[in-house]
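Secondary and tertiary structure notes
The primary structure of each chain is shown beneath.
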Amino acid sequence: MEKKDKKQVTPPDTSSIPFNENTKDIQLEHFREEGAGQFMTSDQGVRLNDVDNSLTAGDRGPTLMEDFLFRERMTHLDHESIPERVVHARGSGAHGYFQPYESMAEFTKAKFLQDPNVRTPVFVRFSTVVGSRGSADTVRDVRGFATKFYTEDGNFDLVGNNMAPFFIQDGIKFPDLVHAIKPMPDNEIPQASAAHDTFWDFASLMPETAHMLMWVLSDRALPRSFRMMEGFGVHTFKWINKAGKAFFVKYHWRPLLGVHSLVFDEALKLAGKDPDWLRRDLWEAIEMGNYPEYELCVQLVDEKDEHKFDFDLLDATKIIPEELVPLRKVGKMVLNRNPDNFFAETEQVAFHPGHVVAGIDVTNDPLLQARLFSYLDTQINRFNSSNFNEVPINRPVCPVHNFNGAGFMKQTINKGKVNYFPNSINNGHPKMASEEENGYIHHQEKVDGHKIRKRSKSFEDHFSQAKLFWNSMSKVEQKHIVEALHFELGKVERKEIRQRMVNDILNNISHELATLVAKGIGVSAPDGAIMGSVKDLTESTKDKVVNAVTPGTTIQDSPALSQERNKKPNGIKTRQVAILIDEGYDYDQVMALKDVLKQQGAQTKIVSMFLGMLKSADGREMEVDKSHITTASVMYDAIYIPGGEKSVKAMKEQGDVKHFINEAFKHAKPIAAAAEAIELLEMSEMKGVDFSKDESVKESMGVVTLSKGDWSSLATEFVAAIAQHRFWEREAGKAEVAA
Ligand code: HDE
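Let's shift gears to empty space enclosed by the protein. If a probe as big as a water molecule is rolled over the atoms, it shows which places are left empty. All told, the structure shown has ten cavities of 30 Å³ or more when counted by the stated rule. There is about 160 Å³ of room inside the largest cavity. What lines the largest cavity is a set of 20 residues, and nearest its centre among them are Ala 164, Phe 232, His 252, Ile 319 and Ile 320. Looking at the lining of the largest cavity, the element that brings in the most residues is strand β8 (residues 246-255), giving four residues.

Set out below in structure tokens:
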């Protein structure tokens, strides 16, 4: 049982950055227009008099060809969309800023990382990968985490994911991967899901996917919120300092609210109840001033240590375990403004891993090299023009002077007679920048070899890190991976694919995993472990933190990979709590918890059968926020049911209330009840919970109750339970994994 000490609830370590008088806030002055108080005009600025009626010949006659106003309006509608992104089509964006904690000059000359008093504007787009633009937010999938830094030295794009490795090693396999995971080519089924024959056929034949599969099958594929999700740059990049010294660098984004996930059943239900779950959560948090915050951290490796690892730093299916190279904090990103226009900003933002600034360079990772081609190419397809960089959301904050501009949708009007270089007519301007003037200079690297089409030998090991991931999970997380495979492979119609996944992929990761999965998907369990069982490892190294390991060491357990084992006391800020009541509720019991939850930064919603004002037992009134039909337990992190004889009696007859409670319990969420409301819980399906009553507050498997006495003690215990997020002991017994 993984039980944390509940009393240790302290606010998150926000490592705040003071906004002192010297702070320079670089402004993103993009062209924004508001229609308030203005006349409506045509595209040419002509004031309009009637946009309700077409120009017709007579009262009931045909529309005239000459109706240029109608044609202008209709043409715009007909052309209102651009091709959706082939992957990462569904996304949500936000503006904010990034500020370093200290100068990184020792490692990079990138200007935005030099001065802790400079705030650089950013735009972030979070996305799902597989589904189309209208698909649901909560599906099992990788999430994109792409950040555009508008630095004084030009735009830097950090185009990452919420998972640290990737499926494949060489970009030439990307079209196959995308085709396999996208819906089937004949019937376009299923939408936004990997659970079909083509994806698992491909995966079962491609052992290099093994490590990433573990991540995608883990709880990380079901983030509770974009605000509670890690980000990773995936590839190894390079930083170069003023002296020309290079360091290998891996990027990590750490959310200050901690990393939390949904359970799969909850994610499936949310996809129907609120397909915009993650988008709405991000938008509303920013509107309410609860700005999402992430710390940028890096793992830095000296160039001379490149070959000291038992994997290749250029292989994007590998991570550098944090126990080998610890994370170093660089600065903080705060997302504090919603976009004004979804299309103009979130849809039109164009990222590219090749958008780098002086002090940052790419490496020879073959996956990254392929991306350097693909992103420019895909933007040209989306915009039908190479001038996408002139669209406001993509424009740098620093001046742009070059001769690239002609072509579709040119925005800037460049003046002068010269559009070539070198020239003498314009005194050689615009001119080249020297290294001292922050001119971009690629880091020099000796490259010498034969032209070959062959994978490097150092890329051959596909299973060690998949094993490491499996070994590092808590028991509950391992159980979730097994259940995810029961679902994903259970949807595969061809038995030979299911069997191949078990024999050729899973059994190479863990014999135990392969056996548990085989049991649930109707195929035979493999005979024996091909590469040795991990059972002993799982038992012996679990919960031990391995520190200060030097490069070259092979590690068997990385607690940092586990969300559960790595959980920090992050408080309950922005958690959603439903308070279930009906007429005759106890007003004081509602307010006692509502006030404390609010103080701690959580949000409460009063839920009842119908909307409107609801009378308490002593005649005071309260407004209902959500009716049963408009909400569901899956939209909350926790629930509270106050007493009041009449209220509880009414709710005992309401199927929706019973379902609400049972579902929250099944999803391992904290539940609190006061006085008579405890009877409601006793009637529910809460196996194993201790309801024996006394006069002090009681917590049993995340169910917090108090029959009478001081309601503030109920509030304190409930806050501690919400901070724990989920109570996995309720899942025990369902499928004992790795036991
Ligand atoms: Fe992408 N990817 N990708 N990708 N990717 C795109 O570019 C591609 C990869 C990622 O919010 C596309 O503008 C190739 C890794 C994000 O606008 C496209 C390869 C990582 C986004 C493309 C990869 C990513 C994209 C589609 C393998 C994590 C959304 C639309 C060689 C480091 C950005 C677009 C946004 C989008 C190609 C692999 C992250 C087609 C060829 C690894 C977050 O260009």
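Two elements in contact, helix α4 (residues 210-217) and helix α9 (residues 464-472), have axes whose closest approach is 7 Å; the angle formed by their N-to-C orientations is 25°. Classified by the interaxial angle, the pair formed by α4 and α9 is roughly parallel. Residues Ala 210, His 211, Met 214 and Trp 215 of α4 pack against Gln 465, Ala 466, Phe 469 and Trp 470 of α9. Of the residues belonging to the contact of α4 with α9, the class tally is six nonpolar, two polar and no charged.

Turning our attention to the confidence of the model for the protein chain. Of the residues in the protein chain, 93% reach a pLDDT of 70 or more, and the chain-wide mean stands at 92. Scored below 50 in pLDDT, residues 1-14 shows 35 contacts in the model against residues more than four places distant or in partner chains. Note that pLDDT drops below 50 for residues 733-739; the model gives that stretch 19 contacts with residues more than four away or on any other chain.

This brings us to helix α2 (residues 174-181). In an α-helix there are 3.6 residues to a turn, and that puts residues three or four apart on one side. Every buried residue belonging to α2 is among Leu 177, Val 178, Ala 180 and Ile 181, and all of these are buried. Here the buried residues of α2 occupy an arc of 165° about the axis, which is enough to place them on one side. The secondary structure elements touched by the buried residues of α2 are α3 (197-205).

Calculation notes
- Residues numbered from 1 in each chain as written.
- Predicted model: local features only at pLDDT ≥ 70, side-chain atom pairs only at ≥ 80, totals over all residues.
- Heavy atoms only, no water.
- 1 Å grid on protein atoms, 1.4 Å probe; cavity = no way out; pocket = protein on both sides within 12 Å on 5 of 7 lines; lining within 4 Å.
- Points joined across faces, edges and corners; volume = space filled by probe spheres on them.
- Helix = DSSP H or I, 4+ residues; strand = E, 2+ residues; numbered from the N terminus.
- Axes fitted to C-alpha atoms, helices over the stretch in contact; angles between N-to-C directions.
- Parallel < 35°, antiparallel > 145°, perpendicular 65-115°, else oblique.
- Contact = heavy atoms within 4.5 Å.
- Nonpolar A, V, L, I, M, F, W, Y, C, P; charged D, E, K, R; others polar.
- pLDDT = per-residue confidence, 0-100.
- Buried < 20%, exposed > 50% of the residue type's maximum accessible area, 1.4 Å probe, protein only.
- Arc of directions from axis to C-beta.

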